[in-house]
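For reference, the chains in residue letters:
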Amino acid sequence: MTPPPTAAPAAPAPVAVAVDTGPARDQAGRRTHPATGGALVLVGMLLVALNLRAVVTSLGALLDEVRDGLGLSGAMAGLVTTLPTIAFAGLGALTPWLVRRVAPARVLVVAMLALTAGQVLRATTDSAWVFVFTSALALAGIAVANILLPMLVKQHFPHRTGLVTGAYTMALTLGTTVAAASAVPIAHAFGSWRAGLGVWAAMAAVAVLPWVPLALRARARARRATATAAVTAPTRVRPARTRLGWAMALYFGAQSLSGYAIMGWLAQLFRDAGYQPEAAGLLLAGVTALGVPIALLMPTVAGRMTSLRPLVLGLTTASTLAYLGLALAPRGAALLWVTLLAIGQGAFPMILTAIGLRARTAEGTVALSAFAQSTGYVIAALGPLMVGILYEITGGWTAPIGFLLAALAVQTAAGMAIARPRYVEDE
C-alpha cells in the first residue's frame, strides 16, 4: 500500500546545484556547443551502459570456478551473488547528494575508475574477503551510473528521451549478453577464471575516456554557475513523499525481481525439464538476446504514448503467458516461452523511460531515479532468494512460478498508477 502524500516541508536554504544547466552563450548571446553536450555525451553514455551488468553476469557464468579457486563457502558465494542488489540499493540512494555537489561528468569519471579498479583487483586476488570488497567497489561505480543515466538523458536530450533511452538500454543489454556468453570461453582460452572476469576492466577503462574532457569543462564552468545556481536552485524533490514515487519504486522493484529470478533460475528450470546444460544456457541467453531490439524500441514507443496503460497491460500479458507455459509445458514450446519472457522483460526499458517522463527537471529526474532504483533493488533481492527457497522446499517449479505471478500482479497495479501523465514535482 502506498502512503498518502504528506504536507510539503519548508523549503531548504538555497544550495549550489552541480548539474549542467545547458548550452552556454558567447558574448554576442549566441548559443555555443561545449563538450558537455551532443555526440560526446551520447558516446560516453553508451560506453557506460555497456558496463552496467558485465561485472555481474561474467561472475554468474564463472561462479563455480571462482568458488573452487578462492575456496568460497556457500554463505560467501551467496553474499557475492547478493551484492549487486545491495550495492544498487544503498549506494544508488547517495547519488542525488553527490550531484548536488559535484558535476555529473566528474562523478562518472570516479564511478568508472572504481569499476575498472574493482574488476582488476578482484581478478588478481587470492583472498575471498578481498574478492568480496573489490566486487563491492566495482558495483559501487555501477550503482552511481545506474542513477545518473536517466538524468543525463533528461538534461542533454529532453526532446529525444525515448530514442536515447532506447540506445543506452540496448547497449546495457548487449553488454549483459556478451559478458554472459563469452566469460567462460575467455576463461578457457586463457586457462583461468581470472581472465574471464578481468577482461571487462578494459571495457570499463575505455568508458572513462569521454568523461574526462566533459569533467574538465564542467569544473571550469562550475565557478561561473555556482552563484546563479545558489539563487535559482529549486526546492528539493522528495519522491518518497509522493504516491508517484512509491508506484515507480514498486514497479521497478517487481520487474527487477522477476528479471534477477529469471537470470538465476531459468536455466535450472530447463535442465529439470530434460534439456542438456548447454541447451538450457542457450535458452537463457535467448531471453537477453531477444531483449536487445525490445530495449531499443520500447523507450521510443513509450515516449510517444499519452498513457502507458496499453504497454503495462501488454507486458503483463506476455509475462503471464510465459510463466504459465513454463509451469505447464516447459519442454513443449520452450522457444515461445523464451520469446514471451523477453517481451515481458521490456518492462525494464519502459520504467527507465518513465522515470524521465514523470519528472519535469533534471533534479527531479535524478531524485526519482535514485528513489525508484534504490528502493526497487531492495525488493529485487527477494526474487532469486524466494525462488530458491520455494524450489528447495517443494522440489518443483509450481510454487516458484506462483510467487513470480504474485509479483507480476504487484507490478501491474503499480504500472497502472504510473501510466497516466503526471510529474513528481507536482506532488
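This is a predicted model, so every value here is computed, not measured.

Peer 1: Tell me about the overall build of the chain, and please be specific about residues and values.
Peer 2: Secondary structure summary: the chain contains 19 helices and zero strands in total. The buried share of the chain, taken over its 427 residues, is 50%. Pairs at least 24 apart in sequence give 83% of the contacts found in the chain among residues at least 6 apart. For the chain, the exposed area adds up to about 18,300 Å²; of that, 67% sits on carbon and sulfur atoms.

Peer 1: Which residues make up the environment of Val-206, and what are the values?
Peer 2: Position of Val-206 among the secondary structure elements: in helix α10 (residues 200–208). It is 9.4 Å that separates the C-alpha atoms of Val-206 and Gly-44, two residues lying 162 residues apart in sequence.

Peer 1: Explain the nonpolar core residue by residue, including any values.
Peer 2: Met-45, Val-66, Trp-211 and Met-248 are the most contacted members of the largest nonpolar core, which totals 91 residues. Of the residues forming this core, the biggest block, 15 residues, is contributed by helix α7 (residues 128–156). Residues within four places of Met-45 in sequence aside, it is in contact with Leu-149, Leu-152, Val-153, Phe-157, Val-164, Tyr-168 and Trp-211.

Peer 1: I'd like a description of the packing of helix α14 (residues 309–328) against helix α15 (residues 334–344), backed by residues and values.
Peer 2: Running from amino to carboxyl end, α14 crosses α15 at an angle of 145°, the nearest separation of the two axes being 8 Å. Like other packed secondary-structure pairs, α14 and α15 cross with a definite hand, here left-handed. For the pair formed by α14 and α15, the contact residues are Leu-315, Ala-318, Ser-319, Leu-321, Ala-322, Tyr-323, Gly-325 and Leu-326 on the first element and Trp-337, Leu-340, Leu-341, Ile-343 and Gly-344 on the second. A breakdown of the residues in the contact of α14 with α15 according to their chemical character gives 10 nonpolar, three polar and no charged.

Peer 1: Break down a nonpolar patch on the surface for me, citing the residues and quoting the values.
Peer 2: A grouping of Leu-382, Leu-385, Ile-389 and Ile-393 is seen on the molecular surface, where their side chains present a nonpolar patch of about 380 Å² in accessible area. With respect to the helices, strands and loops of the structure, Leu-385 is situated in helix α18 (residues 382–394). The class for Leu-385 is partly exposed, based on a relative accessible area of 49%.

Peer 1: Which residues make up the packing of helix α16 (residues 347–357) against helix α17 (residues 362–380), and what values go with them?
Peer 2: Geometry of a packed helix pair, given as the angle between the helix axes and the separation of the axes. Their axes nearest at 8 Å, the elements α16 and α17 cross at an angle of 145°. Crossing of α16 over α17 shows right-handed handedness. Each of Leu-352, Ile-355 and Gly-356 in α16 lies in contact with α17, whose residues at this interface are Thr-365, Leu-368, Ser-369 and Gln-373. Residue composition of the contact of α16 with α17, grouped by class: three nonpolar, four polar and no charged.

What counts, and where the lines are drawn
- Residues numbered from 1 in each chain as written.
- Predicted model: local features only at pLDDT ≥ 70, side-chain atom pairs only at ≥ 80, totals over all residues.
- Heavy atoms only, no water.
- Helix = DSSP H or I, 4+ residues; strand = E, 2+ residues; numbered from the N terminus.
- Buried < 20%, exposed > 50% of the residue type's maximum accessible area, 1.4 Å probe, protein only.
- Contact = heavy atoms within 4.5 Å.
- Areas by Shrake-Rupley, 256 points an atom, 1.4 Å probe, with all protein chains shown as cover.
- Core = buried A, V, L, I, M, F, W, Y, C linked by side-chain atoms within 4.5 Å.
- Axes fitted to C-alpha atoms, helices over the stretch in contact; angles between N-to-C directions.
- Left-handed = near helix turned anticlockwise from the far one by under 90°.
- Nonpolar A, V, L, I, M, F, W, Y, C, P; charged D, E, K, R; others polar.
- Patch = residues over 30% accessible without salt bridge, like charges linked within 9 Å, V, L, I, M, F, W, Y side chains within 5 Å.
- Salt bridge = Lys/Arg side-chain N within 4 Å of Asp/Glu carboxyl O.

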